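Below are the chains, spelled out letter by letter.
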Amino acid sequence: MTIDLRSDTVTKPTKGMLNAMMSAEVGDDVFKEDPTVNALEERLANMFGKEKALFFPSGSMANQTAIKLHTQPGEQVICDKYAHIYNYEAGGAAFNSGVSCHLIDGERGMFNAQQVIQAINPDAFYYSQTSLVEVENTTNKGGGACWDFEELKKIRTVCDTHDLGYHLDGARLWNALIAKNETPKQYGQIFDTISVCLSKGLGCPIGSVLIGDESIMKKSIHLRKVFGGNMRQVGYLAAAGLYALDHNMDRLAEDHKKAKDIGQALFDLSIIKVVEPIETNIVIFELESHVDEAEFLQQLTDKNIHIISMGSNKLRMVTHLDYTDQMHERLLDVLNEF
Ligand SMILES: *Cc1c(COP(=O)(O)O)cnc(C)c1O
């Protein structure tokens, strides 16, 4: 039995999902003639109470498009120092949009409205113009932490006052919605643009969607083309998304419960210094400084358990759809033996 907790992207489509994919009705999406893509986009737009949604091959491309929609070259984006758009999108914000990031020194990838106000550049000719605030929910590098919705609303007010765009990287927004019992419409009401991922918690082989009102989304399809993201008969992939929205959403609570169990098992081990708070499906923990990380990882690998290093003796496990009850029992047994 191989236990792969490196990421929630390692899942493979289930039989049910594959059946839905194989029986999808398709057409050329460049002509907007793929009925399944159209249905997915319409469904997500409605879910969030927005006018428009656009299917993307990746979350990075959806985020990069959003940044370009909100900014002009030379401008500045406010985000956390842990932000995916800053750390893990290959410098795309600078490359694609010519913008710099004003990094906030937040807590587990999150910050507050006061910090946003402080990060806005004054209106003087020698400053870069601040044009966008970007937040991530849940936070990836922050260990799956969920934002306080009230704080997100306060930041909306700051954006209104200073005429800033407001983008949500919701790669794992589904996990936050389930963990905090929130609704997509709440998020649709305060953000200008939202990207969501279908291939993380929801188990699709591919796919992200960018959502917003017509006024801001008007150029999104043009930018997706500029970024090389045209697609044709991808209803086969959109069908996986529709299937996942129907079948794989509520079960995220199971992933969260398993992550908490793992956290408890780790907490009881003397070789572990810190287990970061666990709110969703990500477990980040730090080994005691005398413990050799490579050796610890090897001991797990020998037992066919795979997790990843985050650097500086920190490690990460992510629970997901393909991490079964049986695997969970086995993992807890292995941890208890350490
Ligand atoms: C995974 C992820 C993305 C997008 O990743 P892709 O691999 O480009 O789909 C964006 N933001 C966050 C927070 C993520 O975890």
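Residues numbered from 1 in each chain as written. Predicted model: local features only at pLDDT ≥ 70, side-chain atom pairs only at ≥ 80, totals over all residues. Heavy atoms only, no water.

Undergrad: Explain the overall build of the chain to me, and be specific about the residues and the numbers.
TA: Each helix and strand counted, the chain has 15 helices and 13 strands in total. Taking 2.2 N^0.38 as the reference for a compact globule, 338 residues should give roughly 20 Å; the C-alpha atoms of the chain span a radius of gyration of 20 Å, in line with that estimate. Each of the three principal axes of the chain carries a C-alpha extent, and together these read 60 × 55 × 35 Å. Among the 338 residues that make up the chain, the fraction classed as buried is 55%. Considering only contacts within the chain whose residues lie at least 6 apart along the sequence, 75% involve residues at least 24 apart. When the accessible surface of the chain is summed, it comes to about 14700 Å², and 49% of that surface belongs to carbon and sulfur atoms. When the 32 basic and 47 acidic side-chain charges of the chain are each reduced to a single mean position, those positions are 3 Å apart. (Helix = DSSP H or I, 4+ residues; strand = E, 2+ residues; numbered from the N terminus. Rg over C-alpha atoms; globule rule 2.2 N^0.38 Å. Buried < 20%, exposed > 50% of the residue type's maximum accessible area, 1.4 Å probe, protein only. Contact = heavy atoms within 4.5 Å. Areas by Shrake-Rupley, 256 points an atom, 1.4 Å probe, with all protein chains shown as cover. Lys, Arg positive; Asp, Glu negative; His and termini not counted. Charge placed at Lys NZ, Arg CZ, Asp CG, Glu CD.)

Undergrad: Residue-level account of the sheet that holds strand 7 (residues 193-197), with values.
TA: The strand order across the open sheet formed by seven strands is 2-8-7-6-5-3-4, and the pairing between neighbours is mixed. The open sheet has two edge strands with one neighbour each: strand 2 (52-56) and strand 4 (100-104). Taking the axes of each pair of neighbouring strands and ignoring which way they run, one obtains an average angle of 20° across the sheet. Direction of pairing for strand 2 relative to strand 8 (residues 208-212): antiparallel, over a ladder of five bridges. The partner of Phe-56 across the bridge, within strand 8, is Ser-208. Here helix 2 (residues 35-47) sits on the sheet and contacts strand 2 and strand 8; the angle it forms with strand 2, its principal contact strand, is near 130°. (Pairing = 2+ DSSP bridges. Axes fitted to C-alpha atoms, helices over the stretch in contact; angles between N-to-C directions.)

Undergrad: How would you summarise the pattern of salt bridges if you had to cite specific residues and measurements?
TA: Per the counting criterion, the structure on display carries 18 salt bridges. Of the charged contacts, one joins Arg-232 and Asp-28 as a salt bridge, the two residues approaching to 3.1 Å between their closest N and O atoms. Of the two residues, Arg-232 is situated in the loop between helix 11 (220-226) and helix 12 (235-247) and Asp-28 in the loop between helix 1 (15-22) and helix 2; the sequence distance between them amounts to 204 residues. For Arg-156, the salt bridge goes to Asp-192, with nearest N and O atoms at 3.1 Å. Taken together, the residues Arg-156 in helix 7 (residues 149-162) and Asp-192 in the loop between helix 9 (184-190) and strand 7 connect sequence positions 36 residues apart. Connected through shared salt-bridge partners, Asp-29, Lys-32, Glu-41 and Arg-224 make up one network. (Salt bridge = Lys/Arg side-chain N within 4 Å of Asp/Glu carboxyl O.)

Undergrad: Describe the domain arrangement of the chain, and please don't skip the residues or the numbers.
TA: When the domains of the chain are assigned, the result is domain 1 (3-8 + 250-336) and domain 2 (15-247). Of the residues lining the interface, 17 residues belong to domain 1; the matching set on domain 2 comes to 21 residues. Summing the contributions of domain 1 and of domain 2, the shared interface buries around 1500 Å²; its carbon and sulfur component is 50%. Broken down residue by residue, the surface that domain 1 buries against domain 2 is led by Asp-8, Leu-252 and Glu-279, which jointly contribute 36%. In this structure, the connection of domain 1 to domain 2 is made through two salt bridges. Note that Arg-108 and Glu-279 form a salt bridge whose closest N and O atoms lie 3.1 Å from each other. The interface formed by domain 1 and domain 2 contains seven residue pairs in polar contact (both at pLDDT 80 or more). For the side of domain 1 that touches domain 2, the secondary-structure elements that each account for two or more residues are helix 13 (252-267) and strand 10 (282-287). For the side of domain 1 that touches domain 2, the element with the highest residue contribution is helix 13, accounting for three residues. The residue makeup of the side of domain 1 that touches domain 2, split by class, is seven nonpolar, four polar and six charged. (Domains from an automatic or database assignment. Buried area = accessible area lost by both parts, 1.4 Å probe. Polar contact = N/O pair within 3.5 Å; in protein donor to acceptor, adjacent residues only side chain to side chain. Nonpolar A, V, L, I, M, F, W, Y, C, P; charged D, E, K, R; others polar.)

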